[in-house]
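Descriptive structure summary
Single-letter residue listing:
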Amino acid sequence: MKCPVCGYLNDPEDAECIACGSDMALSAESIAIEQRRSEEAMERYHLQQKELRRELGIDEPEEEPLVMAGGGEVPEPSEASAVSLEMESIPSDFHSDAFLCPQCGFRNDTEALECGRCGVIFSKLKRAGGNGNGAVAGPSSPAGRGVLLDDLGESALDTGTGYTPYVPETKPESWSGAKATGQRVKEAWEDVDLSGRGETALKGLQGVGARMKSVPPKWYGLALGIVLLLVALPFAWKGGLFLKTEWEQRSRLKLEATLVDEFTRNHAAIGAEIRSLADGKKFKEARAALDRFDIEPLQAKTEPLERYLEEKETYARVLAVPAWKFETNYTLFTRLVALDPSSSFYKSKQDFYKKRFAGQCYDKALRLYQGRKNDAAQSAKAVALIDKAVGFYPQDRTFKELRSKLIHADLLYYKGNGSLQMALRDEGRGKAIHAKQRKITIWLRNTSDATLYINPDFFTLETRNGKSLKYNNVMETGFQGKLTPGAKTAGVLYFRTLAMPRALTFEHLVAGTIQREFP
């Protein structure tokens with residue numbers, strides 16, 4: 001079905017037009033009346049504007065007939081429209097039954113709900129000289145007293161006791177002077193975080209504005225020049241730093257190009273000079289000559305000279321070290337082998353001092369083990385020494401046996417954290433009914449200020465074959481459940497395994513985790 005107003009094609013069941021919202025049941029006569037009313041309203045609006053402009057002296061009276069927007073003359077109004085225009089005509093004076101818009105001053109009908117020029121709703125404004133409640137006086141209001149209408153102006157509102165409608169008011173403020181300008185800037189940025197330098201800059205701006213107010217007009221030019229100079233100084237400083245950096249970079253590139261050219265032309269003579277100085281043990285002069293060409297483009301070319309010079313320096317240090325300092329000699333000869341892998345002399349010396357150093361570590365560790373001074377620090381030192389010897393010769397049976405004894409002895413010393421310490425001993429396989437189980441004796445010491453509760457379930461044994469086991473809870477452990485600060489407790493745990501143990505871990509919610517490794 002086609003809309004009788006806009007012609008939009010709607011569905012037969014639509015009661016209103018989807019495009020313009022008109023009632024689909026309107027007849028042609030009703031549509032014509034609505035269109036004629038709209039045209040009359042537009043004509044009245046244009047006439048009111050022209051009359052007002054003539055009354056205000058903006059336009060001169062026109063003798064020629066009015067011209068419509070389409071270019072044709074205004075047709076003679078019909079009888080109905082003439083009556084309508086006569087009723088809506090605007091008088092020539094300003095004190096008739098018309099109502100002036102408080103917003104723009106346009107003359108409207110007393111029954112108008114909104115201004116014909118600016119479109120403001122009169123019920124939302126306070127009428128000048130009114131009662132202050134937003135009422136608009138109409139012809140039916142006695143003694144000029146207004147009736148408060150709703151936002152649409154269709155019905156009166158209840159204005160009983162306690163009614164205080166919200167009417168926005170604007171208070172003009174004076175923004176003259178430099179101080180007022182600074183205040184406006186501050187209010188504009190009051191919601192922004194201006195801590196630090198931003199707030200300091202704002203205060204400085206306010207201070208400059210206040211001082212500019214007291215400057216005589218003839219000094220404005222000089223004052224403005226000083227302000228601009230102060231503003232430009234940071235940019236000039238940054239620009240100067242940029243130019244300096246650029247100049248340094250160009251100078252460095254130019255110097256590198258010069259050094260590359262010089263080394264390329266004289267690399268044989270430069271290499272011979274550095275080698276001659278190194279052979280004569282003039283290492284400072286040789287290093288200074290080589291460092292002169294220590295730039296990235298020449299690193300690959302100067303690397304052989306660098307290795308040669310370092311080799312001569314290291315060998316000179318070896319000659320000054322006593323022969324009985326096995327560790328120092330071994331370290332230096334190891335570096336010489338890295339610098340010159342083809343030297344059989346360096347390799348033989350490295351092996352010689354390696355054996356001597358490993359034997360020295362074994363002897364010291366053995367003396368500490370045989371001393372049995374019941375000192376945890378000495379035990380840890382002995383373990384570290386034998387670890388070095390085993391690291392040099394992992395297959396040496398003598399070194400491995402001593403290491404096992406030292407670690408077993410070291411396990412008997414309390415070690416842990418600031419809350420709990422643990423010592424243990426591997427007893428090997430159990431006897432009789434425990435023959436297929438591993439027996440481990442454990443000692444615990446509370447070093448914290450709180451009471452700890454010990455549970456055998458907190459222990460986990462890790463074996464060499466990669467398994468993790470909990471203790472055999474059928475057996476009695478002997479642990480004291482409650483461990484007060486400074487107290488000790490001991491117990492025996494059996495684990496169903498024949499594999500060699502690797503580590504024993506104790507996990508406690510308060511005391512943390514402690515792990516001891518077996519040899």
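Below is a short write-up of the structure. Being a predicted model, the structure only gives us computed values, none of them experimental.

The N-to-C vectors of helix α8 (residues 326-339) and helix α9 (residues 344-371) enclose an angle of 150°; their axes lie 8 Å apart at closest approach. Considering the angle they form, α8 stands roughly antiparallel to α9. α8 and α9 meet at a crossing whose hand is left-handed. Side by side, α8 and α9 meet where Phe326, Glu327, Asn329, Tyr330, Phe333, Thr334, Leu336 and Val337 of the first sit next to Phe345, Tyr346, Lys347, Lys349, Gln350, Tyr353, Lys354, Arg356, Phe357 and Gln360 of the second.

The terminal C-alpha atoms of helix α11 (residues 397-411) lie 21 Å apart, and with 15 residues this matches the ideal 21 Å at 1.5 Å per residue to within 8%. Those residues of α11 lying buried are Phe399, Leu402, Leu406, Ile407, Asp410 and Leu411. The inward-facing, buried residues of α11 abut α9, α10 (376-392), β3 (415-416), β4 (420-429) and β12 (512-517).

Here we come to the nonpolar core. Formed by 50 residues in total, the largest nonpolar core has its most connected members in Ile386, Met422, Ile442, Leu444, Phe459 and Leu504. Among the elements that make up this core, the one with the highest residue count is α9 (eight residues). Setting aside its immediate chain neighbours within four residues, Phe459 contacts Met422, Ile442, Leu444, Leu469, Lys470, Phe479, Leu493, Leu504, Thr505 and Phe506. Residues Leu259, Ile274, Ala286 and Phe293 belong to the second largest nonpolar core, which totals 15 residues.

What follows deals with the packing of α9 against α11. Two elements in contact, α9 and α11, have axes separated by 11 Å at closest approach and are oriented at 35°. Crossing of α9 against α11: the hand is left-handed. Here α9 contributes Ala358, Tyr362, Ala365, Leu366 and Tyr369 to the contact with α11, which in turn contributes Thr398, Phe399, Leu402, Lys405, Leu406 and Ala409. A breakdown of the residues in the contact of α9 with α11 according to their chemical character gives nine nonpolar, one polar and one charged.

Here is what the cut-offs are and how they apply
- In this numbering scheme, every chain counts its residues from 1 along its sequence in written order.
- Confidence filtering applies because this is a predicted model: local features only for residues at pLDDT of at least 70, side-chain atom pairs given and counted only at 80 or more, and all residues used for totals across whole chains, interfaces and linings.
- Each side-chain value is worked out from all heavy atoms of the structure, with water and hydrogens disregarded.
- Structural elements are reduced to axes, namely lines fitted to C-alpha atoms, with helices fitted over the stretch in contact, and the angle between N-to-C directions of any two is expressed from 0 to 180 degrees.
- Secondary structure follows DSSP: runs of H or I at least 4 residues long count as helices, runs of E at least 2 residues long count as strands, and numbering of each begins at the N terminus.
- Put simply, angles under 35 degrees are roughly parallel, angles over 145 are roughly antiparallel, angles from 65 to 115 are roughly perpendicular, and the rest are oblique.
- Left-handed describes a crossing in which the near helix is turned anticlockwise from the far one by less than a right angle; the clockwise case is right-handed.
- Contact between two residues is taken to exist if any of their heavy atoms lie within 4.5 Å; hydrogens are not considered.
- For a helix, the expected span equals 1.5 Å multiplied by the residue count minus one.
- Accessibility here uses a 1.4 Å probe with only protein chains present; expressed as a share of the type maximum, an area under 20% marks a residue as buried, one over 50% as exposed, and anything in between as partly exposed.
- The criterion is simple. A nonpolar core is a set of buried Ala, Val, Leu, Ile, Met, Phe, Trp, Tyr and Cys residues joined through side-chain atoms within 4.5 Å.
- Amino acid classes used here: Ala, Val, Leu, Ile, Met, Phe, Trp, Tyr, Cys and Pro are nonpolar; Asp, Glu, Lys and Arg are charged; the rest, including Gly, are polar.

Any functional reading would require information beyond the geometric quantities listed.
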